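A structural walkthrough
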Amino acid sequence: MLRPPTLFGHEAAGRIIAVGAGVAGWSVGDRVVANNSAPCFNCFFCRRQEYSLCANLTFNNGTFAQYLKVPAAIVQHNLLPIPEDLPNAIAALTEPLACVLHGVARSSLQPGQRVVVLGDGAIGLMFVGVLAQQGAKVLYLAAMSPACRWANNWGQRKPLTTASSDVPAVVRELTEGMGADIVIEATGIPAVWSWRSPVPVQEQR
Ligand SMILES: [Zn+2]
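The structure contained in this document is the topic of the report that follows. (Residues numbered from 1 in each chain as written. Predicted model: local features only at pLDDT ≥ 70, side-chain atom pairs only at ≥ 80, totals over all residues. Heavy atoms only, no water.)

**Describing the packing of helix H3 (residues 94-106) against helix H4 (residues 122-133)**
Under the convention used in this document: Axis lines are fitted through C-alpha atoms, for helices just across the contact stretch, and the angle between N-to-C directions can take any value from 0 to 180 degrees. The numbering of helices and of strands both runs from the N terminus, where a helix is a DSSP run of H or I of at least 4 residues and a strand a run of E of at least 2. Throughout this description, any angle smaller than 35 degrees is read as roughly parallel, any larger than 145 degrees as roughly antiparallel, any in the 65 to 115 degree range as roughly perpendicular, and the remainder as oblique. Whether a crossing is left-handed or right-handed is set by the direction in which the near helix is turned from the far one by less than a right angle, anticlockwise for left-handed and clockwise for right-handed. Contact between two residues is taken to exist if any of their heavy atoms lie within 4.5 Å; hydrogens are not considered.
Where H3 meets H4, the closest approach of the two axes is 9 Å, and the angle between their N-to-C directions is 50°. On the basis of the axis angle, H3 is oblique to H4. Crossing hand, H3 versus H4: right-handed. Between H3, through Pro-96, Leu-97, Val-100, Leu-101, Gly-103 and Val-104, and H4, the contact on the second element is made entirely by Ile-123, Met-126, Phe-127, Val-130 and Leu-131.

**Section: the pattern of salt bridges**
Applicable threshold: A pair is scored as a salt bridge if a Lys or Arg side-chain nitrogen falls within 4 Å of a carboxyl oxygen belonging to Asp or Glu.
One pass over the full model with this rule turns up 1 salt bridge. Here Arg-114 ties to Glu-176 by a salt bridge, and the two come within 3.2 Å at their closest N and O atoms. With Arg-114 in strand S6 (residues 114-118) and Glu-176 in the loop between helix H6 (167-174) and strand S8 (182-185), this residue pair connects regions lying 62 residues apart in the sequence.

**A look at a nonpolar patch on the surface**
As a reminder, the rule being used: Patch construction takes residues with relative accessible area above 30% that form no salt bridge. Like charges are linked within 9 Å, and nonpolar side chains (Val, Leu, Ile, Met, Phe, Trp, Tyr) are linked within 5 Å. Every accessible area reported is derived by Shrake-Rupley at a probe size of 1.4 Å, with residue values counting cover from the shown protein chains alone.
A contiguous nonpolar patch, built from Val-19, Val-23 and Val-28 and spanning about 210 Å² of accessible area, is present on the exposed surface. In this structure, Val-28 sits in the loop between strand S1 (12-15) and strand S2 (31-34).

**Side note on the coordination of the zinc ion**
Selection rule: Only N, O and S atoms count as donors, using a 2.8 Å cut-off from the metal and 3.2 Å for Na, K and Ca, and because water is excluded some sites may appear unfinished. Think of it this way: with four donors and all angles in the 85 to 135 degree range, the site is tetrahedral; with four or six donors, opposite ones beyond 155 degrees and the rest between 65 and 115, it is square planar or octahedral; otherwise it is irregular.
Donor atoms from the polypeptide that coordinate the zinc ion comprise Cys-40 (SG), Cys-43 (SG), Cys-46 (SG) and Cys-54 (SG), at 2.3 to 2.4 Å from the metal. Each of the 4 donor atoms bound to the zinc ion contributes to angles spanning 103 to 118°, and the resulting shape is tetrahedral. All donors of the zinc ion come from a single chain, and their spacing in sequence reads C-x2-C-x2-C-x7-C.

Written out as structure tokens, the structure reads:
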């Protein structure tokens, strides 16, 4: 998305210490979460309300710093107030959690469906939590770190499997050869996107 050298970090929550000229509706002292980008509302995709595909996204990189100047487009469209009882560390995860909720909604999940989650970063782990909460049977989490132990505490009946060199084969084994109902790809690695469906295509008669 961005060409190095660039600033790091793009999730942030904190307190407003100064308000720019022309900013309305926010005051010094307000606690806010600044989401990581804002669409232009004017390009080919924005005009079709496909904002995640916007060609001219404004980014909010640099949130690893203690102080941050939030770009105007994000102040205007993607700055949210934080409820009094919500800690900053959790509020900062608003945008990734929203992505996960959106993904689960678009998957048309039905209770009891068998789901495979590929990737155990923050997004993959949040998927496991939300899917379990919504009644999915999460069969498998392709995990690369001890973080998958956390996922086991999120409503899973049996421990999730960790990384394997042949994930489609493991999924076939877990599903009597039928494959999962839903697969969540949360690695961002192109090679993973191209893994074949474990179900062989039957001949047409
Ligand atoms: Zn756009």
